[in-house]
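So you can see what is in the structure, the chains are spelled out below.
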Amino acid sequence: MRLFDIGARGEGSSVVHDRILTAANAITGMRLLGLPVFVWLMLGPQAYGSAFAVLVAVAATDWIDGYVARRFDQVTRLGQLLDPLIDRVLLATAAITLVVVGFLPLALAALFVGRDAVLLLVVLLRYRGIPPIPVSRIGKTATFFLLVGVPSFLLASMDWGGRDIALAVAWLFTVAGIVTYYIAGWGYYRAARTLAFAIPRTSGTSDD
């Protein structure tokens with residue numbers, strides 16, 4: 001699938017740099033700064049339209065920073081760490097905020113926020129750290145579904161003519177996102193287990 005690799009320039013673009021100050025990383029950082037603005041708009045002035053616009057902007061720049069990184073040879077180790085992490089923080093922040101204001105069912109939020117918490121806890125306790133596992137395509141697909149579905153619950157809670165369509169989109173994409181999210185999570189767990197078992201064997205071979 002080329003959808004998640006748009007901007008890639010070929011085999012040479014797969015180089016991962018150690019740089020920190022890049023345009024792609026700056027965009028990634030700006031995404032993080034938008035989250036407290038979203039929360040304030042939701043819980044403070046209750047400016048739901050503006051909050052939706054901020055959430056969409058933060059979600060959309062997930063694609064933009066990836067495109068810039070691939071297109072201009074700015075793929076960095078920091079970016080590979082921060083980008084999926086910010087996606088998790090974005091989804092958790094949006095979900096918890098929407099639950100607080102009553103726009104998102106608690107059970108749905110618990111399903112995908114809980115997956116991240118359980119997966120992180122299992123990996124940390126069993127494998128003594130977070131292994132360097134790249135984001136899978138099914139993981140990216142799940143994140144895309146959720147980044148469409150979760151904000152749609154906010155759109156469906158506003159007073160406008162398309163709220164029924166927005167609600168249908170919200171349920172469809174969120175449920176699809178949760179299913180693929182758990183499939184991706186199982187894949188990450190298996191990859192972590194394989195990597196953890198491979199490291200001792202490598203160390204044992206070098207000691208002989």
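On a predicted model such as this, the values are computed, not experimentally measured, just so you know. (Residues numbered from 1 in each chain as written. Predicted model: local features only at pLDDT ≥ 70, side-chain atom pairs only at ≥ 80, totals over all residues. Heavy atoms only, no water.)

A. Inspection of the overall build of the protein chain at higher detail. Broken down by element type, the protein chain carries six helices and zero strands. Reading the protein chain from its N terminus to its C terminus gives the helix and strand order α-α-α-α-α-α. Counting contacts in the protein chain only where the partners sit at least 6 residues apart, residues at least 24 apart contribute 79% of the total. Total accessible area on the protein chain stands at roughly 11,600 Å², and carbon and sulfur atoms take up 70% of it. (Helix = DSSP H or I, 4+ residues; strand = E, 2+ residues; numbered from the N terminus. Contact = heavy atoms within 4.5 Å. Areas by Shrake-Rupley, 256 points an atom, 1.4 Å probe, with all protein chains shown as cover.)

B. Summary view of the packing of helix α1 (residues 23–43) against helix α2 (residues 48–71). In contact at an axis separation of 9 Å, α1 and α2 are set at 165° when each is read in the N-to-C sense. Classified by the interaxial angle, the pair formed by α1 and α2 is roughly antiparallel. Like other packed secondary-structure pairs, α1 and α2 cross with a definite hand, here left-handed. Note on element contacts: α2 touches α1 through Y48, S50, A51, V54, L55, V58, T61, D62, I64, D65, V68 and A69, opposite A23, A24, I27, T28, R31, G34, L35, V37, F38, L41 and M42. (Axes fitted to C-alpha atoms, helices over the stretch in contact; angles between N-to-C directions. Parallel < 35°, antiparallel > 145°, perpendicular 65-115°, else oblique. Left-handed = near helix turned anticlockwise from the far one by under 90°.)

C. Inspection of unusual backbone geometry at higher detail. Positive phi is not limited to glycine here, since Q46 has a value of about 55°. Tracing the sequence through the fold places Q46 in the loop between α1 and α2. On the basis of relative accessibility, which here comes to 49%, the residue Q46 falls in the partly exposed class. (Buried < 20%, exposed > 50% of the residue type's maximum accessible area, 1.4 Å probe, protein only.)

D. Here's a closer look at the confidence of the model for the protein chain. Looking at the protein chain as a whole, the pLDDT averages 80, with 79% of positions reaching at least 70. Confidence, read as mean pLDDT per element, is least for helix α6 (residues 163–207) in the protein chain (77) and greatest for helix α5 (residues 137–156) (91). Low pLDDT, under 50, characterises residues 201–208; the predicted model gives this stretch zero contacts beyond four residues in sequence or across chains. (pLDDT = per-residue confidence, 0-100.)

E. α2, seen in detail. Between its first and last C-alpha atoms α2 spans 34 Å; for 24 residues at 1.5 Å apiece the expected length is 34 Å, and the two agree. Its maximal kink placed at T61, α2 deviates by approximately 30°. Phi for D73, located one or two positions after α2, is positive at around 55°. (Expected span 1.5 Å × (residues − 1). Bend = angle between axes of the 7 residues up to and from the residue.)

F. View of the packing of α2 against α5. Relative to each other, α2 and α5 sit at 175°, their axes nearing to 10 Å. When the axes of α2 and α5 are compared, the pair comes out roughly antiparallel. Where α2 approaches α5, its residues Y48, A51, F52, L55, A59 and D62 are matched on the opposing element by L147, P151, L154 and L155. Residue composition of the contact of α2 with α5, grouped by class: nine nonpolar, no polar and one charged. (Nonpolar A, V, L, I, M, F, W, Y, C, P; charged D, E, K, R; others polar.)

G. Looking closely at the nonpolar core. The biggest cluster of nonpolar side chains holds 33 residues, and the ones touching the most others in it are F38, L98, F112 and L154. Contributions of two or more residues to this core are made by α1, α2, α3 (77–100), α4 (106–127), α5 and α6. Take this core: its biggest share by element is eight residues, from α5. With residues near it in sequence (within four places) discarded, L154 still touches F38, M42, Y48, A51, F52, L98 and F103. (Core = buried A, V, L, I, M, F, W, Y, C linked by side-chain atoms within 4.5 Å.)

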